[in-house]
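If you want the building blocks of each chain, they are given just below.
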Amino acid sequence: MGRKREKKPNTWDPKRTKKSKTEGGEESTAGDNKIDSTKYWNDIVPRNEFFEAYYKTLGICKDDAEWENFMGTLAKPLPTTFRINTTIGKSLQSVVVDQLNEIANDKSGTIEIDGEMVELPKPLKWYPNNMAWISDIPKKSFRKNPALTKFHNFLIHHNQQGNITRQEAVSMIPPLFLDVQSHHRILDMCAAPGSKTTQILEDLHMKHNIEVNLDVEKPSAYIPKGSIIANDVDTNRCYMLAHQTSRLGSPAIIITNHEAQNFPLLYDSNNEPMYLDRILCDVPCSGDGTSRKNPEVWKKWNFSGGIGLHTLQLRIATRGCHLLKVGGRIVYSTCSMNPVENEAVIAALLKRSEGSMKLVDVSSQYPDLVRSPGIYTWPVTDKEGTYANWDELDELKKNKYFKTLWPSTEEEAKKMHLEYCMRVYPHQQNTGGFFIAVLEKVADFPNQLDTETKEQTPADEENKNNNNNNNNKGKFEKKIKERDRRNKFYEEPFQLLSEEMKTQLNVAKEFYGLTDEFPMNNLLSRSDNSQKVYWASDSVMEIIKNPENKRLKIINCALKVFQRHDGLGSMDCPYRISQDSILWLEPFITKRIVTMTHDDLAKIIKYTEPKFVDFPSAVREELVKLGPGCFSLKISGNLRETPSSGMTFSAWRGSTSMHLLVSKQEIQSYASIFGIEYVSPRANTNTNTTTTTTTTATTDAKTTESTDSSEKKDESA
């Protein structure tokens, strides 16, 4: 049995009691309005002599004043940034925006932290439609500060509900440059923990709504033709990814578990290769652009970090180019500022492509986003020195260092247009560091991967292009086999419904009065005895139905729409509607609809499971006539007429009471969002039962993340 892994200490946590001494000797409590967030660094000094020497040599700053600004910014925690989810419907969007504006206008829009006045949230000016916000308040400054309680609760509860996504500002940049359209097939090669995936998914749906001029409140009747595959090599991170994406609820997503550099070629309904329209290649990197939220970078940074990841990054990018269709776009990104992970990879990729890939000039797009152009030259340095070229290495290092680490001549770099790459430095707009390159495929890649070509292993391809890695080939393949043995894949495949399940679901169709427009043929399960039923878009169904795609290791897929519950007494239909899917399913439902007011909803949230007699007579009569089972609860009123006007919930009608089919934690979040007093079911004398028995589970497989820790899952770059 392996040794239990110890939890790493949070380097930002202040090691202090409720009372501490100030420099003047006075006692100050943790609840004081003035916070010294610099103490969150503990004893980590934000300096590293190797880091400073390397980046000074690189010349990323034009003078000493800018260098001091650069280093000074790196020594401060990141601001708080988040996006508003665009698929939650106008009702919830209006609640989020109204509450944000109220917070932003509170206390004249500023608050004192560390002796400085900092701004409360405001829109990120370069992000479209004011759907991303920023506050200079660092994440850890929220703790135990009454002046920030309202903002802190806003972030916690709206993030738990999926109404917002906590995400670093620079992490929002790559999806913007994908230029997603609603019909696109998209692959996110290294997707976990998932905020870029959710950003792309939201864009996919919003572009469709714009194209067909839909009301965003009812997007479910018109699912986009495109879809996204969110992939990650780590199984546990895939479950985190499933949790993140389930908060949006979309029939147009597949979550897979593959090595990005070996992601399989898929096939369409005609058994032709299914090349992809857009690919996000946000590769593993040394992460020195994340030092503002991960101070450990200062202790661990060395020259070898970027060098060691270069070949993996190139393999992943090359695989992406093979999977991309001609005319498609790939965005390569890292949260590193090191050119051996950035421009060196792009230059090697362009050489390898033999003209089939080209960098795209996007300098005129998003003009409010401050960024620097890519660079033409850079040093290759390790702890023993700097090397002008590969030939200067000794024989041992020649087996470790690839020729692609070194820059091309300046003339070649200009022909490649490496200046079209984008470098985002922390001091430019108070962010982390990031690198982004946008490439377009203009012709088939050399030895284009298709049904006729034999797929090369990453080691084979690197040997062909570098001729210097023969000694490492066996070791590399051995490591791959060992990792495959450790990470066995146990997930049941998604499959079409059995005839027995189809018969059962026809009962559900009649029970809820689903219109004939509802795509019953797009329903999936994970086994003949599965309790859960999933709704997949046409694009996802095309992948699932083709036997050639069986090797795709799917962790989760589509949208959970129904869940069967047997043994709950006499009822006409054992299938409940999942809360994840109610917004999408609601336009198809013609039966078992109950309309209530916001005050009625407040009563349900407050008491969890109120009796029929607790409601006004009209509502009480509707519930009595309804009969036991699941129903759709619609809140009356026009947009902004009440806080919850237009919202829809999946609910359960019992013998004498009703409740929402959401978790206890979601009930508590709604209570906070709407300002409703929450009464614990144990203290509630109006009911003999506790909260709902149905929760919004992410996947049939076990999930490793709990919504209790959702605040800790903020997206890093």
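What you see is a predicted model, and the numbers here were worked out from it, not measured in a lab.

Concerning the pairing of strand β28 (residues 648-653)
- With 6 of its 6 residues buried, β28 lies for the most part within the structure.
- Burial along β28 is two-sided: the face carrying Thr 648, Ser 650 and Trp 652 and the face carrying Phe 649, Ala 651 and Arg 653 are both buried.
- Where strand β27 (residues 629-635) and β28 come together, 6 bridges link them in antiparallel fashion. Residue Cys 630 lies in a different strand from β28, and its bridge partner there is Trp 652.
- Bridge analysis of β28 against strand β29 (residues 658-660) gives 3 bridges, and the strand direction is antiparallel. Pairing of Ala 651 across the sheet is with Leu 660, part of β29.
- Connecting β28 to the antiparallel partner β29 that follows it, the hairpin turn spans 4 residues.

As for the sheet that holds strand β22 (residues 532-535)
- Sheet architecture is open: 5 strands sit in the order β20-β21-β22-β24-β25, paired in antiparallel fashion. Each edge of the open sheet carries a strand with a single partner, namely β20 (495-496) and β25 (575-577).
- Sheet topology places strand β21 (residues 523-525) next to β22; 2 bridges connect them, and they run antiparallel. In the sheet register, Leu 524 faces β22, and the bridge partner there is Tyr 534.
- Sitting on the sheet, helix α16 (residues 499-512) touches β21, β22, β24 (559-564) and β25, and the angle it makes with β25 is about 55°.

Digging into helix α20 (residues 617-626)
- Inspection of α20 places Val 619, Leu 623 and Leu 626 among the buried residues, and these make up the whole buried set. Buried residues along α20 cover an arc of 60° about the axis, so they all sit on one side. Exposed and facing more than 90 degrees away from the buried side of α20 are Glu 621 and Lys 625.
- Looking at the buried residues of α20, the elements they touch are β26 (593-596), α19 (598-607), β27, β28 and β29.
- Two residues or fewer after α20 comes Gly 627, characterised by a positive phi angle close to 85°.

Some details on the packing of aromatic side chains
- Per the stated rule, a full pass over the model turns up 26 aromatic pairs.
- Considering the side-chain rings of Phe 494 and Tyr 534, the 5.1 Å spacing of their centres and the 75° angle between planes classify their relative orientation as edge-to-face. Placement of the pair is Phe 494 in the loop between α15 (470-486) and β20 and Tyr 534 in strand β22, with a sequence separation of 40 residues. No difference in accessibility class separates Phe 494 from Tyr 534, as the two residues are buried.
- Measuring from centroid to centroid gives 5.4 Å for Phe 518 and Phe 588, while their planes differ by 70°, and the two rings are edge-to-face. Of this pair, Phe 518 sits in the loop between α16 and β21 while Phe 588 sits in the loop between α18 (582-585) and β26, placing them 70 residues apart in sequence. For the pair Phe 518 and Phe 588, one class covers both residues: buried.
- Connected via pairs of aromatic rings, a cluster forms that spans Phe 50, Phe 51, Tyr 54, Tyr 55, Trp 298, Trp 301 and Phe 303.
- One Lys or Arg, Lys 398, reaches over the ring of Trp 390 and ends 5.0 Å from the middle of that ring.
- The residue whose ring lies beneath Arg 576 is Trp 652, and the NZ or CZ to ring-centre distance is 3.8 Å.

Basis of the calculations
Residues numbered from 1 in each chain as written. Predicted model: local features only at pLDDT ≥ 70, side-chain atom pairs only at ≥ 80, totals over all residues. Heavy atoms only, no water. Buried < 20%, exposed > 50% of the residue type's maximum accessible area, 1.4 Å probe, protein only. Helix = DSSP H or I, 4+ residues; strand = E, 2+ residues; numbered from the N terminus. Pairing = 2+ DSSP bridges. Contact = heavy atoms within 4.5 Å. Axes fitted to C-alpha atoms, helices over the stretch in contact; angles between N-to-C directions. Arc of directions from axis to C-beta. Phe/Tyr/Trp six-rings, centres within 6.5 Å; stacked < 30°, edge-to-face > 60°. Lys NZ or Arg CZ within 6 Å of the ring centre and 35° of its normal.

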